[in-house]
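Residue-level listing of the chains:
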Amino acid sequence: MEGAGESEEERAPLLGASGREEERAPLLGARRAAFEGRRLACAAVLLTELLERAAFYGVTGNLVLFLNGSRFNWEGAQASQALLLFMGLTYLVSPFGGWLADARLGRARAILLSLALYLLGMLAFPLLAAPGTRAALCGAQRPTRVRNCSAPSCPDVPPRYCAPAALGALAIVGLGVGAVKANITPFGADQVKDRGPEATRRFFNWFYWSINLGAIVSLGGIAYIQQNVSFVTGYTIPAVCIGVSFLLFLCGQRVFITKPPDGSAFTDMFRILAYSCRPQKQTGDQDRSGEGSGVFQHSSKHSLFDSCKMSRGGPFTEDKVDDTKALVKIIPVFLALIPYWTVYFQMQTTYVLQSLHLRIPEISSIAATAHTFPAAWLTMFDAVLILLLIPLKDKLVDPALRRHGLLPSSLKRIAVGMFFVMCSAFAAGILESKRLGLVQQKTINQTIGNVVYFAADLPIWWQVPQYVLIGVSEIFASIAGLEFAYSAAPKSMQSAIMGLFFFFSGVGSFVGSGLLALVSLKAIGWMSNHTDFGNINGCHLNYYFFLLAAIQGVTLLLFLVVSVKYDRQRARAPGTPGSRRA
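Residues numbered from 1 in each chain as written. Predicted model: local features only at pLDDT ≥ 70, side-chain atom pairs only at ≥ 80, totals over all residues. Heavy atoms only, no water.

Undergrad: Just checking my understanding: could you explain the packing of helix H10 (residues 197–228) against helix H11 (residues 231–251) for this structure?
TA: The relative placement of two packed helices is expressed as an angle between their axes plus a distance between the axes. Put simply, H10 and H11 touch, their axes get as near as 7 Å, and they point 155° apart. For the element pair H10 / H11, the angle class is roughly antiparallel. Contact residues: H10 offers Ile 222, Ile 225 and Gln 226, while H11 offers Phe 231, Thr 233, Gly 234, Tyr 235, Ile 237 and Pro 238. Classifying every residue of the contact of H10 with H11 gives six nonpolar, three polar and no charged. (Axes fitted to C-alpha atoms, helices over the stretch in contact; angles between N-to-C directions. Helix = DSSP H or I, 4+ residues; strand = E, 2+ residues; numbered from the N terminus. Parallel < 35°, antiparallel > 145°, perpendicular 65-115°, else oblique. Contact = heavy atoms within 4.5 Å. Nonpolar A, V, L, I, M, F, W, Y, C, P; charged D, E, K, R; others polar.)

This is the structure we're talking about:
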């Protein structure tokens, strides 16, 4: 795998006994296709990610229904909060996963250990779904009637049953997901990075394609089984997916291009930041020469970090300081993406909550009881759209734009994605306003996963536009964000920068949870029905959607300013991180 005593920076696949194998591999197919000679390694990475995403969406797709149903009887808001916190955790731990790979284990070993931890947490979900093992782990449950009730006579919501076991399993899975997420993306790009930026761009397109294929497999099959057949079977399948993913990645070690850990940029970054924040003193030579003051004033915006360089009397090399400066310039772009992720995560939380209160059709079944259309299936509209449009974009649109010199930069594509996600939130707000008007006249009772929901007589298909808009936004913002994070990162911090990219995604999830809690305060009253087991008919979820759209609109304008400034700074820089990587 990665030998600590090897002198070469990166190791090629084990193609033969020749001592020059690390030089042969990058030359295979150099004049042919971008992935020639690397197809097996890329396929292993993509299939590993596909299975991992199938397992991830197997957990998140129906988690609200799982916890809100008769097995646990959690109130709807409690179940939604658990999902938001879980998704936030998976992203927040990504920087630590990147640091672990860069400083201690290397990316390949970090991914293997993360998948093992992931599998450990996944094994707990079938046990929690089975009545016998759940009772053994959590004790007997107090009897209660599970209804999506909003009448004054509704019973008080009991304490969350089996919370330590359920939240503990979610935390273990979240740690594994976060560490895998931080490392598998740059690890996959490492397999083709010497083929140039075009190969890297194409890999990211197909990587994201694999993510969404895994989502479709999970949401299309696993979510149906969970809602209509059994959560025991529905959670066993994701655990098997992670087991196969672990074995596949383990067997792929002989074809992967790996590199040993060479130190974490996070460690150097924090040391440089701490050193630069110390009070700086001008030397006596500068005072006597009469030039120190002028130079200090002229370069004041650079002196904070330049004083750390050895050439200026500091303890750090030029490259490390320049890498830290590059990282600091990237962070404002990540900060500007927080509102995007806040809206994006509504797709699996408040959008699903809205769908449960729309008319969900029954589907034919050979079983004695009728099966219902899984609410999680609407998320597939986003994934299917991505599966269809990414090959079209990769094979036709991007080459045509490049031939005419019109291919937009990654930052411009992120801005386009922000616009579409703003439109998605606005469309959800319009639909919710219409739904609230209808429930004042008439409601219909529908049972989903043994929970009765009072829904509007409005087909669930009216949600399709908001899911389609989010899918279009992903093609622009999320893919371009991954590409930007990898290409803008200095070589020494590629895993770390990916970790930061996902970290700020997690911040967006927590911001959404915080905003939802804020508008639930009685002083605001938008989402203040606390004892209704998830019913939103007496709430104003539409106001929340409009608030998200407004925040994203303001952020879009600010992002345009930040992106233009970043592009100008990068164009003026005499040596970019990318040039050092080459």
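Undergrad: I would appreciate a short explanation of the packing of aromatic side chains in the present structure.
TA: Two aromatic rings, taken as a pair, are described by how far apart their centres are and by the angle between their planes. As enumerated under the stated definition, the model contains 29 aromatic pairs in all. On the numbers, 5.9 Å between centres and 25° between planes, the contact of Phe 56 with Phe 86 is stacked. Pair noted here: Phe 56 is in helix H2 (residues 39–60) and Phe 86 is in helix H4 (residues 76–92), with a separation of 30 residues, a long-range link. The residues Phe 56 and Phe 86 share a single accessibility class, namely buried. Members of the aromatic cluster, connected to one another through ring pairs, are Phe 66, Phe 72, Phe 125, Phe 231 and Tyr 235. (Phe/Tyr/Trp six-rings, centres within 6.5 Å; stacked < 30°, edge-to-face > 60°. Buried < 20%, exposed > 50% of the residue type's maximum accessible area, 1.4 Å probe, protein only.)

Undergrad: What am I meant to see in the pattern of salt bridges here?
TA: Pairing between side chains of opposite charge can happen when the charged atoms of each approach one another. Here the structure, examined in full by the defined rule, presents seven salt bridges. A salt bridge links Glu 52 to Arg 53; the nearest nitrogen and oxygen atoms lie 2.8 Å apart. One salt bridge in this structure joins Lys 393 and Asp 398, with 3.0 Å as the shortest N-O distance. On the basis of relative accessible area, Lys 393 is assigned to the buried category, the value being 10%. Three or more residues are tied together by salt bridges with common partners; here these are Glu 49, Glu 52 and Arg 53. (Salt bridge = Lys/Arg side-chain N within 4 Å of Asp/Glu carboxyl O.)

Undergrad: Would you take a moment to explain the environment of Ile 225 for this structure?
TA: As for its position among the elements, Ile 225 is in helix H10. When the C-alpha positions of Ile 225 and Ile 237 are compared, they lie 9.9 Å apart, and in sequence the two are 12 residues distant. Excluding residues that lie within four positions of it along the chain, Ile 225 makes contacts with Ser 230, Thr 233, Gly 234 and Ile 237.

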